[in-house]
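Coordinate analysis (summary)
Below are the chains, spelled out letter by letter.
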Amino acid sequence: MDAQYKAAIHVTLKASVLDPQGAAVTKALHALGYQDVQDVRVGKFIEVALAAADETSARDAVARMCEQLLTNPVIESYTYELTELTV
Amino acid sequence: MDAQYKAAIHVTLKASVLDPQGAAVTKALHALGYQDVQDVRVGKFIEVALAAADETSARDAVARMCEQLLTNPVIESYTYELTELTV
Amino acid sequence: MNTAVLQFPGSNCDEDAVKAITQTTGKPAELVWHTAEDLSAFDLIIVPGGFSYGDYLRSGAIARFSPAMSAVREAAERGAYVLGICNGFQILTEAGLLPGALRRNESLQYRCAIVPLTVVRADTPFTSGYTTGEEIYIPIAHGDGNYYVDDATLALMEQRGQILFRYAKEHNPNGSVDDIAGVMNERGNVLGMMPHPERAMHEWLGSADGARLFASILTTWRNAHEHANA
Amino acid sequence: MSTPTLEPTAEDVRERQIYRSFGLTDAEYEQIAKRLGRLPNYVETGIASVMWSEHCSYKSSRRILRRFPSAGSQVLQGPGENAGIVDIGDGQAAVFKIESHNHPTAIEPFQGAATGVGGIIRDVFTMGARPIALLNSLRFGPLDDAHNRYLFGHSVAGIGGYGNCIGIPTVGGEVVFDERYTQNPLVNAMCVGLISHAQIATGAASGVGNPVLVVGAKTGRDGIHGATFASTQDPHAKERSAVQVGDPFMEKLLMEACLELIATGKVVGIQDMGAAGMTSSSAEMASRAGSGIRLDMQKVPRRETGMTPYEIMLSESQERMLVVMQRGEEQVADAVFAKWGLDATVIGEVTDDGMLTITEGRQIAAQLPVALLVDEAPVLTRPSSRPAYLDALLPGADAVVQASAAGDFTDDLLALLAQPTIASKEWVYQQYDSMVRTETFVRPGSDAAVVGVPGTAKALAMTTDGNGRQVYLDPYAGGALAVAEAARNLVCSGATPLAVTDCLNYGNPEKPETYYLFERSVDGMSDACRAFGTPVISGNVSLYNETAGVDIYPTPVVGMVGVVADRSHITTSAFGTVGARVLLLGDCNTPLTDGLGGSEYLAMRAPEQKLAYALPAFDLTREQAVQATCLAVIQAGLVQGAHDVSDGGLMVALTESAIAGKCGLAIDFDEVLPRTDYSAAQQAALLFGESPSRIALCVLPSDIARVRDMAAAHECPLWDIGEVVASPAIHVRLGGEQVVALSVLQAETAWRGAIAQWMK
Ligand SMILES: Nc1ncnc2c1ncn2[C@@H]1O[C@H](COP(=O)(O)OP(=O)(O)O)[C@@H](O)[C@H]1O
Ligand SMILES: [Mg+2]
């Protein structure tokens with residue numbers, strides 16, 4: 001029987017890539033009086049619920065979907081954490 | 001002297017709010033052969049670098065900016081983790 | 001009637017709104033930069049469409065903190081008319097002047113098209129030139145027009161008659177709850193709508209149905225004004 | 001700030017042949033060293049290499065581009081500036097240009113396409129013009145492939161994402177699908193602006209001592225060597241750092257600020273930073289004025305820390321401009337930019353020494369003669385040889401394709417309408433705001449788009465057209481046809497064509513056969529431009545669209561703008577007047593025997609033969625007669641609808657007009673073509689062949705006599721082939737039989753739903 005997993009994936013723009021959203025939010029926070037904010041980067045948080053035979057194959061699937069669909073390695077990078085759900 | 005903090009903020013749509021992006025990603029993953037994916041939710045991952053006198057005031061600032069600007073409480077909820085950066 | 005059209009960095013339907021007002025009243029609306037703090041001279045304030053602050057983070061999220069938005073709140077409290085179109089609607093919901101929120105379109109695509117709307121109520125300052133249940137054609141142009149309110153609020157809004165426009169049956173372009181295209185505040189002087197009435201001013205633009213919305217406001221204002229002066 | 005210690009020395013650059021990795025040949029490197037009388041250092045080598053890259057120097061194409069006609073009484077600014085300008089009367093002018101963003105799109109379709117739009121908008125407002133419309137010309141591999149769908153979907157979203165945000169309507173374009181574009185999709189974006197003659201700004205850095213400012217976004221390490229990258233093969237394997245993220249919000253602010261600044265009259269010269277960023281903008285501005293420029297890298301506002309002069313000079317960060325102000329007027333720029341929340345920073349000054357001097361504080365980081373970078377860039381004469389396949393093509397009339405049901409072409413028509421290249425592009429243009437500014441008289445979906453000129457009775461009509469397969473099959477005629485089709489689309493909307501901007505997309509110019517196709521098609525375009533009186537006022541070249549030995553079709557794209565003298569002349573492709581006659585301008589006889597060479601129908605029914613047959617003959621004189629007649633009858637108020645016959649042939653054109661007009665059509669060829677023994681191939685050729693120089697008109701019966709007279713006066717053949725009917729069905733009689741019968745709804749469903757169906 002397959003086990004249940006949850007992957008929490010963080011997709012961020014690479015450090016050298018312009019982040020217009022982050023820049024706009026930084027400015028807005030400054031305007032609101034949060035002068036101590038130095039930098040904001042806005043990325044994506046993707047939660048994927050999936051079934052897999054074991055942790056290794058779950059990890060493998062998550063890494064592959066990140067590379068194939070969820071990110072474009074040209075401008076983005078990603079990290080993820082996997083948790084097994086107890087049913 | 002102020003300490004340096006990094007807040008990692010996760011903004012997600014409330015469970016009761018339909019997530020069209022998540023639904024689209026689920027469909028796309030299925031089409032790519034990831035049949036074992038059951039559900040995907042897409043949210044935002046916001047990293048804020050800030051200076052603050054201490055952890056309490058950093059937490060306080062982050063919570064306020066989340067409520068004021070970074071999320072819309074009608075449809076979204078958030079969690080965050082704070083780390084102190086060692087310089 | 002004195003009309004202000006607000007301009008935020010990234011507004012892009014501001015000039016179109018001015019044109020619509022000029023055509024309706026014979027007198028241009030005043031473009032007001034987002035830093036303005038006093039809007040007491042105006043009877044109608046239009047929060048126009050566009051991409052204020054790039055719509056980064058969330059549509060309307062950053063613009064709502066502009067000084068002019070505090071002035072809009074005061075104006076609404078004193079009973080002036082406020083009309084939020086598209087991005088303006090998003091800003092008004094973010095500012096809490098209207099209930100609900102606007103999510104990404106269900107298709108995840110930006111959609112520009114002339115769509116049929118049903119006028120839900122024709123007995124308001126904004127819709128007196130229409131008839132209840134009338135089908136009108138107004139363009140939409142948005143990526144985040146998918147209106148959301150929770151069920152309890154929706155029921156209340158229904159009951160109070162706050163829903164003014166719905167997308168015609170089978171023509172919901174974005175997934176909006178209850179096909180909602182435009183909603184009013186409880187007091188009845190603030191309207192937010194995703195469709196662009198200022199783009200439906202002439203047959204050659206594809207429809208002239210939007211012109212009646214501006215005419216309705218003008219008529220209501222005149223009536224109230226003459227009444228007050230009488 | 002310290003000078004980087006890791007940067008190679010001038011000797012290293014030579015010893016280790018580092019210049020090669022920048023794309024310079026040994027001979028080019030030696031030429032530079034010789035001209036300098038010393039070894040160029042690392043920064044200088046980088047600067048020279050981007051300026052001498054294909055992208056900036058046009059070294060493979062420059063010789064050929066001179067063949068285009070570029071003069072005309074309407075031309076206020078020809079090629080050489082950021083965009084061309086044509087007079088439209090009343091002291092106003094249209095400013096336009098087209099540009100490719102093919103290579104970035106191949107690896108990051110959303111951002112690649114978006115930044116392409118951003119770049120072309122900057123080219124137009126740099127001239128002082130208010131951008132009023134955008135168009136785009138797209139080529140992708142077939143939609144049955146998931147990666148092609150990804151590239152197509154994200155490119156469209158990126159184009160929309162940028163134009164929608166900035167508030168310029170996207171009013172037209174074209175999309176073609178063919179496996180030749182699978183590895184090398186094409187994204188060409190065009191922008192049209194309006195300007196009054198008095199406001200025209202140029203990109204010249206004149207006046208010694210005038211301050212040079214950088215305005216707009218801060219500089220980061222984006223896309224270093226993007227220009228070099230655009231000129232080399234296989235975008236996938238090359239530097240991925242060359243992709244930039246666009247910020248349309250920043251560009252909107254930048255546009256408003258620049259237009260406001262130019263209106264103050266205190267600007268001496270202004271130029272956007274496109275390919276090769278600050279390097280090319282400064283060198284080109286100095287070159288145009290015959291001056292020099294001195295820039296201090298320490299003063300450039302940066303987004304990242306530790307950037308070297310090399311990185312700053314070569315960065316392709318978007319949404320930046322270089323501005324030369326009148327001396328002492330810097331604060332004017334400050335005030336305007338502050339209002340929009342943007343930086344305007346003085347980073348240097350104009351000099352008279354003819355040098356581009358880059359300093360870091362007091363220290364000189366690079367110093368090169370402007371002439372070396374711009375005028376002395378190599379101009380290559382590449383070998384050219386006629387590809388053998390051109391002489392092996394069979395006559396188009398020999399292409400034999402039988403109707404899929406005996407004697408009945410209804411299924412064929414339905415299938416053709418659902419071919420993605422022919423199907424409605426609504427899935428695309430619904431994602432574009434085509435109405436903002438409320439001046440769009442004709443939205444996407446007709447032949448040309450029409451946008452009003454505020455304050456006048458006039459309007460501008462605009463279109464982009466190109467057909468790579470036709471150019472492949474006959475480069476000269478194909479080039480001419482691209483121009484002819486663009487002009488025909490304008491004329492059908494009621495406009496007089498004014499001028500052309502062109503985007504020349506080709507494969508590897510180092511292949512003599514590819515170079516031949518390039519050369520011949522430019523000749524064909526040039527002759528057609530002369531015939532139509534539409535000079536080329538701006539353009540762009542994209543070479544090396546080649547992967548693994550496969551070149552794209554030679555794909556010149558023509559962007560054309562015309563003026564509608566009076567809004568009452570505006571005509572669309574809708575045939576919606578019941579009882580009106582359907583007339584055909586152009587020949588009805590030759591298409592029967594022209595065959596199916598180059599057609600979509602042949603490509604659909606016999607894909608393996610689609611490149612085997614020659615195109616129908618093209619006669620420029622006939623084309624001119626057809627267009628002149630069309631415009632004359634429209635201007636005389638005699639036309640209810642007009643649609644040119646292009647992709648998919650006559651039946652596709654007529655069906656589109658019926659769908660748009662929400663009416664039916666009863667087409668009857670029996671009167672005009674009374675024979676009953678046409679072969680199936682001949683019938684197919686008449687219905688679906690792509691013989692050029694035809695326009696279908698919708699004319700009230702009472703106006704027919706006048707239309708006939710005017711056609712006769714232009715020596716243009718005219719055929720009365722049917723009627724617009726209320727019953728929503730299309731029936732066609734040919735050779736004494738009914739060959740097509742279907743409801744408009746059936747046709748519309750096939751045509752409108754095809755692309756959406758693929759993209760679900
Ligand atoms: N990429 C696109 N962007 C905007 N509009 C488009 C695009 N592709 C096609 N269209 C519009 O769809 C209509 C039909 O296009 P097309 O078949 O190429 O026309 P034509 O053959 O007359 O040049 C035109 O109005 C065109 O502008
Ligand atoms: Mg056409």
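Right above here is the structure, for reference.
In this text the structure is predicted, and so the values were computed from the model without any measurement.

Looking now at the overall build of chain D. A count of helices and strands for chain D gives 27 helices and 28 strands. Radius of gyration (C-alpha) of chain D: 27 Å, near the 27 Å computed for a compact globule of 760 residues. Across its three principal axes, chain D shows a C-alpha extent of roughly 85 × 55 × 45 Å. In chain D, which comprises 760 residues, the proportion classed as buried is 66%. Once local pairs closer than 6 in sequence are excluded, the contacts in chain D between residues at least 24 apart make up 85%. When the accessible surface of chain D is summed, it comes to about 23,300 Å², and 50% of that surface belongs to carbon and sulfur atoms. Averaged over its 56 positive side-chain charges, chain D has a centre that lies 4 Å from the centre of its 86 negative ones.

Residues and elements named next belong to chain D. The coordination sphere of the magnesium ion (ligand 2), as far as protein atoms go, consists of Asp-447 (OD), Asn-489 (OD1) and Asp-644 (OD), spread over 2.1 to 2.2 Å. All donor residues of the magnesium ion (ligand 2) come from one chain, and their arrangement in sequence is D-x41-N-x154-D. On the criterion of sequence distance, the pair formed by Asp-447 in the loop between strand S14 (440-442) and strand S15 (449-452) and Asn-489 in helix H19 (residues 475-492) is long-range, its members being 42 residues apart. Overall, the relative accessible area of 3% leaves Asn-489 in the buried class.

Core analysis: the largest hydrophobic core is formed by 171 residues, its most contacted members being Leu-6, Leu-83 and Phe-165 of chain C together with Ile-121, Phe-152 and Phe-337 of chain D. Of all the elements, helix H11 (residues 248-263) of chain D adds the most residues to this core, at 10 residues. Of the domains in this structure, domain 1 (201-381) and domain 2 (395-437 + 571-760) of chain D are the two that each give at least three residues to this core. In this structure Phe-337 of chain D touches Val-215, Gly-216, Leu-254, Ala-257, Cys-258, Leu-261, Leu-342, Asp-343 and Ala-344 of chain D, once residues within four positions along its chain are discounted. Formed by 54 residues, the second largest nonpolar core is a distinct cluster that contains Ala-684, Ile-721, Val-744 and Trp-751 of chain D.

Right, let's talk about the site of ligand 1 for a bit. All names here are of chain D. In the region of ligand 1, 19 residues are neighbours, and Asn-136, Gly-445, Ser-446, Asp-447 and Asp-465 sit closest. With respect to ligand 1, the backbone of Gly-445 contributes an N or O atom lying 2.7 Å from an oxygen atom. Between Glu-485 and ligand 1, the recorded distance is 3.5 Å, taken from a side-chain N or O atom to an oxygen atom. For ligand 1, whose free accessible area comes to 550 Å², the fraction covered by protein is 90%. Only strand S4 (130-140), strand S5 (170-177), helix H17 (426-429) and H19 provide two or more residues apiece to the shell around ligand 1. The leading source of residues in the shell around ligand 1 is S5, at 4 residues.

Residue-level contacts link 25 residues of chain C with 25 residues of chain D. In total, chain C and chain D occlude about 2,200 Å² of area from one another, counting both sides; carbon and sulfur atoms represent 59% of this. Summed over the three residues of chain C that lose the most area to chain D, namely Tyr-110, Cys-112 and Trp-204 of chain C, the buried surface amounts to 25% of that side. Across the contact surface, chain C and chain D share 2 salt bridges. Residue Asp-433 of chain D is joined to Arg-199 of chain C by a salt bridge in which the shortest nitrogen-to-oxygen separation is 2.9 Å. Every element with two or more residues in the side of chain C that touches chain D is listed here: helix H1 (14-25), strand S6 (111-119) and strand S7 (135-142) of chain C. For the side of chain C that touches chain D, the element with the most residues is S6 of chain C, which contributes 4 residues. Looking at the side of chain C that touches chain D residue by residue, the class counts come to 14 nonpolar, 6 polar and 5 charged.

Another point: the packing of aromatic side chains. Applying the stated criterion to the full structure yields 21 aromatic pairs over all chains. Between the aromatic rings of Phe-152 of chain D and Trp-427 of chain D, the centroid separation amounts to 5.2 Å while the plane-to-plane angle is 35°, which identifies the pairing as tilted. You can see Phe-152 of chain D sitting in helix H9 (residues 146-166) and its partner Trp-427 of chain D sitting in helix H17, a full 275 residues away along the chain. No difference in accessibility class separates Phe-152 of chain D from Trp-427 of chain D, as the two residues are buried. Both rings, one in Tyr-601 of chain D and one in Phe-688 of chain D, keep their centres 4.6 Å apart while their planes meet at 15°; by these two values the pair is stacked. Here Tyr-601 of chain D, found in helix H22 (residues 600-605), pairs with Phe-688 of chain D, found in helix H25 (residues 680-688); they are 87 residues apart in sequence, far enough to count as distant. The exposure classification of Tyr-601 of chain D matches that of Phe-688 of chain D, with both residues buried. Counting every residue linked through ring pairs, the aromatic cluster contains Phe-140, Phe-152, Phe-177 and Trp-427 of chain D. Here the guanidinium or amino end of Arg-180 of chain D rests over the ring plane of Tyr-472 of chain D, the centre of that ring lying 5.1 Å away. The cationic tip of Lys-339 of chain D hangs over the ring face of Trp-33 of chain C; the distance from NZ or CZ to the ring centre is 5.2 Å.

Bringing the packing of H19 of chain D against helix H23 (residues 620-635) of chain D into the picture now. In a pair of packed helices, the angle between the axes and the distance between the axes together describe the arrangement. Residue and element names in this part refer to chain D. Where H19 contacts H23, the two axes come as close as 9 Å, and the packing angle between them is 15°. When the axis of H19 is compared with that of H23, the two are roughly parallel. For the element pair H19 and H23, the recorded crossing hand is left-handed. Residues Ala-484, Ala-487, Arg-488, Val-491 and Cys-492 of H19 pack against Glu-623, Gln-627, Cys-630, Leu-631 and Ile-634 of H23. In terms of residue class, the contact of H19 with H23 is made up of 7 nonpolar, 1 polar and 2 charged.

Further remarks concern the pattern of salt bridges. For side chains of opposite charge, pairing can occur when their charged atoms come near one another. Per the counting criterion, the structure on display carries 59 salt bridges over all chains. Put simply, Asp-60 of chain A and Arg-64 of chain A hold a salt bridge, and the shortest N to O gap is 3.4 Å. Residue Asp-60 of chain A and its partner Arg-64 of chain A are both found in helix H2 (residues 55-70); the two are separated by 4 residues, about one turn of the helix. Residue classification places Asp-60 of chain A among the partly exposed residues on the basis of a relative accessible area of 40%. The shortest N-O distance in the salt bridge between Lys-266 of chain D and Glu-329 of chain D comes to 3.7 Å. Of this pair, Lys-266 of chain D sits in the loop between H11 and strand S8 (267-272) while Glu-329 of chain D sits in the loop between strand S10 (320-325) and helix H14 (330-339), placing them 63 residues apart in sequence. Looking at Glu-329 of chain D, the relative accessible area reads 19%, which means it is buried.

What counts and how
- Residues numbered from 1 in each chain as written.
- Chains lettered and ligands numbered in written order.
- Predicted model: local features only at pLDDT ≥ 70, side-chain atom pairs only at ≥ 80, totals over all residues.
- Heavy atoms only, no water.
- Helix = DSSP H or I, 4+ residues; strand = E, 2+ residues; numbered from the N terminus.
- Rg over C-alpha atoms; globule rule 2.2 N^0.38 Å.
- Buried < 20%, exposed > 50% of the residue type's maximum accessible area, 1.4 Å probe, protein only.
- Contact = heavy atoms within 4.5 Å.
- Areas by Shrake-Rupley, 256 points an atom, 1.4 Å probe, with all protein chains shown as cover.
- Lys, Arg positive; Asp, Glu negative; His and termini not counted.
- Charge placed at Lys NZ, Arg CZ, Asp CG, Glu CD.
- Donors = N, O, S within 2.8 Å, 3.2 Å for Na, K, Ca; no water.
- Core = buried A, V, L, I, M, F, W, Y, C linked by side-chain atoms within 4.5 Å.
- Domains from an automatic or database assignment.
- Near = heavy atom within 4 Å.
- Polar contact = N/O pair within 3.5 Å; in protein donor to acceptor, adjacent residues only side chain to side chain.
- Buried area = accessible area lost by both parts, 1.4 Å probe.
- Salt bridge = Lys/Arg side-chain N within 4 Å of Asp/Glu carboxyl O.
- Nonpolar A, V, L, I, M, F, W, Y, C, P; charged D, E, K, R; others polar.
- Phe/Tyr/Trp six-rings, centres within 6.5 Å; stacked < 30°, edge-to-face > 60°.
- Lys NZ or Arg CZ within 6 Å of the ring centre and 35° of its normal.
- Axes fitted to C-alpha atoms, helices over the stretch in contact; angles between N-to-C directions.
- Parallel < 35°, antiparallel > 145°, perpendicular 65-115°, else oblique.
- Left-handed = near helix turned anticlockwise from the far one by under 90°.

Keep in mind these values describe shape, not function.
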